[in-house]
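Geometric and topological summary
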Amino acid sequence: MPDIRWDWISRNREDIVQLAIEHLVLVGISMAIAIAVSLPIAIMVRNRPFWGGVATYTSGVLYTIPSLALFAFLVPIVGIGQEPVIIGLVAYALLILISNAAVGLQSVPGPVRESARGMGLTGRQLLFKVELPLALPAIMAGIRLATVSTVGIATIGAFVDGGGLGELIWQRGIQRGLFLTPIAVGALVATLIAIVLDALLVGAEWLMKPWERRPLPLSVGRRLAWARPSEWKRAATG
Amino acid sequence: MGKTQRVEAGRDRMTSLSDIWNAFNDPILDGPGETVTHLKMSLVALLFAAGIGVAAGVAAAKLGRVAAFVVIAIGNLGRTVPTFAVMALVVAVSSIGFWPAVVGLILLGIPPILLNAYTGVKEVDADTVEAARGMGLTSFQLLGRVELPVAMPLMFAGIRISAVQIVATAALAGLVGAGGLGILVLSGLANNKTDVLLAGAIPIALLAVATEILFSGIFRFLTPRGLRLARGPSNQ
């Protein structure tokens, strides 16, 4: 079993930091685009169950397409580099974000909506003061899930020359005779970035909900992120 | 001018469909053979992952708090460690080949199954358990006749998620030299050949989508009606 070459790490410290920043930029750009596009779509489909269903189902099928294949599909169209990676990452993030936000907005109870209407709120006020705040946990769960998976999928982008930490794993590790040290460093830094971003988002959600300041839910509920949220509700009757 | 270009691009795409088919069947690239390798790798990995995951998840649900902590930690780790990194690490510390790739796929396949098996058994309704105890069931009978059947839909969901993930990640085995359809993608990219690239990418995508559809169909059929999970957000 080969050893970790510590001297390689100290010699390439600057490169590692540079690639980590590149990785964060890739994730940041993709998530910003995905959030900006997904929220309006989710808001549009919230009162239209048919389109909500279409959005959720399409997301489910498209999400299963492996990232390697998706990047490969994009290469003949946009070439290699950061473009196919960002497009691919945005696509995956969109799928998670739209379905989560749509589920969150649809699950606002009807009586709550009606009493808000009865208090004289306009459609816009209803959306911003009632529906979006109540859907916030679902929306944030989607953002966390999408961010964590984007950090991981971005590493695969290296094989279409997308840069980022995948470059340590692919160009400097696998392609140089499976050199273990850069692979291990890339894996470790990418994992740390995912964990830190996830924790930051939990903190952000806590700050955004001043009316519900419970202790930070660091582990509770996180395990629910595995299956699609809708699948965790049991059927009402037999 | 623009119109001519569009027509030519269209003709290009038409020819490349048969090109892709030819590239897939090229005796050197051996698309059908790599597809078999891809599926074999995925199936072996899924069998191991399901066996280990279900056994460990059920055991952890019966043990104390430490076990719960370990299960949740493994689950979170499985969600945050990049799949590409796991495949590369396993191959780098052992060797290139079929079995190292399978080991990587097993490691990636375990967390969803483990977590769902654990949650499924742990969150069986306390009243149900008490009623079963009141009827005189031993611990073993309770597990076999009540807890496992009730946990079944969640376990199936876990196995389905894992199966799709394993079939998808098996594509990366090609990148680390272990065979499978990923090799075609890699070869197409390295030689700048779109037909070879797509001859790998299209089957990879189809296999993953087919796995999702197949497994959700089978498991829906196998689950007793009363235990089925709600489908879709409209079904509240």
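Residues numbered from 1 in each chain as written. Chains lettered and ligands numbered in written order. Predicted model: local features only at pLDDT ≥ 70, side-chain atom pairs only at ≥ 80, totals over all residues. Heavy atoms only, no water.

1. Looking at the overall build of chain A
The helix and strand tally for chain A stands at nine helices and zero strands. Along chain A, helices and strands appear, N-terminal first, in the series α-α-α-α-α-α-α-α-α. Sorting the 238 residues of chain A into buried and exposed places 50% on the buried side. In chain A, 74% of the contacts between residues at least 6 apart in sequence involve partners at least 24 apart. Total accessible area on chain A is roughly 11400 Å²; 68% of this is exposed by carbon and sulfur atoms. (Helix = DSSP H or I, 4+ residues; strand = E, 2+ residues; numbered from the N terminus. Buried < 20%, exposed > 50% of the residue type's maximum accessible area, 1.4 Å probe, protein only. Contact = heavy atoms within 4.5 Å. Areas by Shrake-Rupley, 256 points an atom, 1.4 Å probe, with all protein chains shown as cover.)

2. Points about the packing of aromatic side chains
In this structure the tally under the stated criterion is eight aromatic pairs over all chains. Each ring, one from A:Trp8 and one from A:Phe179, has its centre 5.8 Å from the other, and the planes form 85°; the classification is edge-to-face. Highlighted residues: A:Trp8 in helix H1 (residues 6-11) and A:Phe179 in the loop between helix H8 (166-169) and helix H9 (180-208), separated in sequence by 171 residues. Given a relative accessible area of 21%, A:Phe179 falls into the partly exposed group. Measuring from centroid to centroid gives 5.2 Å for A:Phe50 and A:Trp51, while their planes differ by 75°, and the two rings are edge-to-face. In this structure A:Phe50 comes out as exposed when scored by relative accessible area, which is 58%. What makes A:Trp51 partly exposed here is its relative accessible area of 48%. Here the aromatic residues B:Phe156, B:Phe215 and B:Phe219 are joined through ring pairs into a cluster of three or more. (Phe/Tyr/Trp six-rings, centres within 6.5 Å; stacked < 30°, edge-to-face > 60°.)

3. Examining the nonpolar core
Nonpolar side chains in soluble globular proteins tend to end up buried together. Counting 125 residues, the largest nonpolar core has A:Leu68, A:Phe159, A:Ile174, B:Phe84 and B:Val185 as its most contacted members. In this view, A:Phe159 contacts A:Leu68, A:Phe71, A:Trp170, B:Leu175, B:Val185 and B:Leu189; residues no more than four positions away in its chain are not counted. Judged by nonpolar contacts, the second largest core, of six residues, contains B:Val124, B:Val129, B:Ala132 and B:Leu142. (Core = buried A, V, L, I, M, F, W, Y, C linked by side-chain atoms within 4.5 Å.)

4. Description of the pattern of salt bridges
Going through the model one piece at a time under the given rule, you end up with ten salt bridges over all chains. Of the charged contacts in the structure, one is a salt bridge between A:Glu131 and A:Arg113, with a shortest N-O distance of 3.0 Å. With A:Glu131 in helix H7 (residues 123-156) and A:Arg113 in helix H6 (residues 110-118), this pair connects stretches of sequence that are 18 residues apart. For A:Glu131, a relative accessible area of 1% corresponds to the buried category. The exposure class of A:Arg113 is buried, given its relative accessible area of 17%. We note a salt bridge from A:Asp198 to B:Arg79, for which the minimum N-O separation is 3.6 Å. (Salt bridge = Lys/Arg side-chain N within 4 Å of Asp/Glu carboxyl O.)

Read these as geometric descriptors, not functional statements.
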